[in-house]
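Okay, here's what each chain looks like letter by letter:
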Amino acid sequence: MTANPPAADRAAATFLTTFNDSAPVLVQAPGRVNVIGEHTDYNDGFVLPIALPFTTAIAARPRTDGRVIVESEGFGRTEFRLVDEPRATSGWARYLHGVAWALAEHLEAHGAGGSDGRVELPGWDGAIATDIPAGASLSSSAAIEVAATLLFNHLAGSPADLSVADLARIGQRVENEVMGLPSGLLDQLASAGGQAGHATLIDCRDLSTRAVPFPPSATIVVLDTGTRRELVESEYADRQATCAAAARALGLTSLRDATLDDLDKLADAARHTPDLHLDPEVAVRRVRHVVTENARTLAAVEAMEAGELGELGRLMTASHVSLREDYEVSGPALDAVVEAALECVGCYGARMTGGGFAGGAIALVATDEVESFCLDVADRYVAPLDQPAVAPLRLYPTPPSAGARIVRP
Ligand code: GLA
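Residues numbered from 1 in each chain as written. Predicted model: local features only at pLDDT ≥ 70, side-chain atom pairs only at ≥ 80, totals over all residues. Heavy atoms only, no water.

**Student:** Please clarify how the overall build of the chain should be interpreted in this entry.
**Tutor:** Counting secondary structure elements, the chain contains 11 helices and 12 strands. For 409 residues, the compact-globule estimate of 2.2 N^0.38 gives 22 Å, and the C-alpha radius of gyration of the chain, at 21 Å, lies within 12% of that figure. Dimensions along the principal axes, computed over C-alpha positions, put the chain at roughly 60 × 55 × 40 Å. Sequence separation of at least 24 residues holds for 73% of the intrachain contacts in the chain that already meet a minimum separation of 6. By element, 50% of the accessible surface of the chain is carried by carbon and sulfur atoms, the whole surface being about 16700 Å². Charged side chains in the chain number 32 positive and 55 negative. The centres of these two groups are separated by 3 Å. (Helix = DSSP H or I, 4+ residues; strand = E, 2+ residues; numbered from the N terminus. Rg over C-alpha atoms; globule rule 2.2 N^0.38 Å. Contact = heavy atoms within 4.5 Å. Areas by Shrake-Rupley, 256 points an atom, 1.4 Å probe, with all protein chains shown as cover. Lys, Arg positive; Asp, Glu negative; His and termini not counted. Charge placed at Lys NZ, Arg CZ, Asp CG, Glu CD.)

Spelled out as structure tokens, the structure:
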């Protein structure tokens, strides 16, 4: 997240110097933070994200030979052919290639193909720039997926009017089927559908949404601890699998319908049905998190609407405790930065955000106190020795911002 100019201007400038021409198309998609409702999306539950003022932008012009050639600020040039398998493309460009595959499948399924039913998306020359730090739990990958989906669809002559849910599902298929991460829809829905000045309550069962005005007297401050963690994927897949098995054990389609009264029944089933491969105590803790987090998310919407910032902050901090104790997806740096934030004047609440283990946390801070809060928390935060960071603590006040869009034309 560099200060200025924004990613869209830098992508356009890089395009100009690289291809000696100005780009006819410019798209951008933001990162996100989730105010509350963590690890609930793949359980058909509730989430309450905001889109960030930081985006990933792509400036591009079409090619006619089915190749994609992209210059990325900071990551160099990459090139791939759309006829190849997306998995054959390595590094960050695999997201772009994955999007082309998932979008083509979406369009074919919706009858937008030619006489043989197939869709051939055009290649392009492009330049990409981002303000979203990777690995900070701010969904830089969802941003590139959503931006690339808008771009490919636009260059193909917009064969489909893609809804927010379509954009999100295409990005999710890239994660699930190309990148191998069984993630939910939270990140892509937030990036595609964010609204300035609002958080969005999303019911992940039917994808219905409600824009909730974000009280201007409070600001979300992102606290990027600079820690990054490999192997988060296997922990994530483990949580997801446990939730699915627990739902099955309770005879439910998803944990959305579980209640606290189900916990005894779950422990019993786990004890007496070895095929479930569920440790009874672990399963109870995981499900307790999901059930209580859904309730906290709905309560947070009420608190936000009523302008009850103290209550909203309390719910966010309770979410952190539940993620730390019951879901066990926090980490030493996230715990330390949350604790430091809670000691500062003007802080209503704080929690890890996103998948967890490392990266970023968030704090809800009185808008008037943001400046002193940032100094104070930087002063109080002691980076834990057992979790080395790749960068120092960075703080970003983040007003809720607009979702993805085609900037030009
Ligand atoms: C990651 C995933 C999301 C969601 C969060 C946890 O960001 O990509 O789908 O599950 O973790 O809430």
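Here the narrative resumes, following the displayed structure.
**Student:** Help me understand the environment of L52, please; the structure alone is not making it clear to me.
**Tutor:** For L52, the position within the fold is in strand β2 (residues 46–63). Overall, the relative accessible area of 1% leaves L52 in the buried class. When the C-alpha positions of L52 and P397 are compared, they lie 9.6 Å apart, and in sequence the two are 345 residues distant. Filtering out sequence-adjacent residues up to four positions away, L52 remains in contact with P30, G31, R32, V33, L138, T398 and S401. (Buried < 20%, exposed > 50% of the residue type's maximum accessible area, 1.4 Å probe, protein only.)

**Student:** Would you explain the sheet that holds strand β9 (residues 347–352) in this entry?
**Tutor:** The pairing of strands in a sheet happens through backbone hydrogen bonds and is either parallel or antiparallel. Read from one edge of the open sheet, 4 strands run β9-β10-β8-β11, paired in antiparallel fashion. If you trace the sheet from one side to the other, it starts and ends with β9 and β11 (394–397), each paired once. With strand direction ignored, the average angle separating the axes of adjacent strands in the sheet is 20 degrees. Note that strand β8 (residues 218–224) and strand β10 (residues 360–366) share 7 bridges and pair antiparallel. Bridge pairing links V221 to A363 in β10. Each of β8, β9 and β10 is contacted by helix α9 (residues 309–325), which is oriented at about 25 degrees to β9, the strand it contacts most. (Pairing = 2+ DSSP bridges. Axes fitted to C-alpha atoms, helices over the stretch in contact; angles between N-to-C directions.)

**Student:** What exactly am I supposed to notice about the site of the ligand here?
**Tutor:** In the vicinity of the ligand, the contacting residues are R32, E38, H39, D41, Y42, S183, G184, L186, D187, Y236, G354 and G355. A distance of 3.0 Å separates an oxygen atom of the ligand from a polar side-chain atom of R32. Contacts to the ligand include H39, whose backbone N or O atom sits 2.7 Å from an oxygen atom. Here the ligand loses 93% of its free accessible area of 310 Å² to cover by the protein chains. A majority-of-atoms criterion places the ligand in the largest pocket. Classifying every residue of the shell around the ligand gives 3 nonpolar, 5 polar and 4 charged. (Near = heavy atom within 4 Å. Polar contact = N/O pair within 3.5 Å; in protein donor to acceptor, adjacent residues only side chain to side chain. 1 Å grid on protein atoms, 1.4 Å probe; cavity = no way out; pocket = protein on both sides within 12 Å on 5 of 7 lines; lining within 4 Å. Sits in = over half its atoms within 2 Å of the grid points. Nonpolar A, V, L, I, M, F, W, Y, C, P; charged D, E, K, R; others polar.)

**Student:** Where do I start with the pattern of salt bridges in this structure?
**Tutor:** Should their charged atoms come close, side chains of opposite charge can pair. With the rule as written, the count across this model stands at 32 salt bridges. A salt bridge links E105 to R173, with the shortest nitrogen-to-oxygen separation between them at 3.2 Å. Within this pair, whereas E105 is found in helix α2 (residues 93–109), its partner R173 is found in helix α4 (residues 164–179), the two being separated by 68 residues in sequence. For E105, a relative accessible area of 31% translates into the label partly exposed. For R173, a relative accessible area of 28% gives the class partly exposed. (Salt bridge = Lys/Arg side-chain N within 4 Å of Asp/Glu carboxyl O.)

**Student:** Got a minute to help me understand the packing of helix α7 (residues 262–272) against helix α8 (residues 280–306) in this structure?
**Tutor:** Geometrically, a packed helix pair is captured by the angle between its two axes and the distance between the axes. In contact at an axis separation of 9 Å, α7 and α8 are set at 145 degrees when each is read in the N-to-C sense. In the crossing of α7 with α8, the sense of the turn from one axis to the other is right-handed. Of α8, the residues touching α7 (which contributes L263, L266, A267, A270 and R271) are P280, A283, V284, V287 and R288. Taken together, the residues of the contact of α7 with α8 break down into 8 nonpolar, no polar and 2 charged. (Left-handed = near helix turned anticlockwise from the far one by under 90°.)

**Student:** Got a minute to help me understand the layout of surface pockets in this structure?
**Tutor:** A probe matching the size of a water molecule, rolled over the atoms, marks out where space remains unfilled. Computed from the structure, the largest pocket encloses a volume of approximately 1400 Å³. If you go around the largest pocket, you meet 48 residues; those closest to its centre are Y95, A134, G135, S140 and S141. Mapped by element, the contributors of at least two residues to the lining of the largest pocket are β5 (123–130), α3 (140–155), α4, α5 (186–193) and α6 (232–249). One number sums up the size of the second largest pocket: a volume of about 450 Å³. Lining the second largest pocket are 17 residues, with L82, V83, A104, R118 and V119 sitting closest to its centre. (Points joined across faces, edges and corners; volume = space filled by probe spheres on them.)

**Student:** Sorry if this is basic, but what is going on with the side chain of N34 here?
**Tutor:** Position of N34 among the secondary structure elements: in strand β1 (residues 25–36). Among the residues examined, N34 registers a relative accessible area of 0% and is labelled buried. Contacts of N34, omitting those with residues within four sequence positions, involve V47, L48, P49, L186, R351, T353 and I362.

**Student:** Explanation requested: the environment of G331 in the structure shown.
**Tutor:** One can find G331 in the loop between α9 and α10 (332–342). Overall, G331 belongs to the buried group, its relative accessible area being 8%. G331 sits 317 residues away from T14 along the chain, and the two C-alpha atoms are 38 Å apart. In this view, G331 contacts F357 and Q387; residues no more than four positions away in its chain are not counted.

**Student:** Teacher, can you tell me more about the nonpolar core here?
**Tutor:** Generally speaking, nonpolar side chains in soluble globular proteins are found buried as a group. One finds L48, I58, W124, F152, F214 and I220 to be the most contacted residues of the largest nonpolar core, which totals 68 residues. Excluding residues that lie within four positions of it along the chain, F152 makes contacts with V68, L82, L96, V99, A100, L103, L121, P122 and W124. Membership of the second largest hydrophobic core comes to 48 residues, among which are A246, L263, A363 and F373. (Core = buried A, V, L, I, M, F, W, Y, C linked by side-chain atoms within 4.5 Å.)

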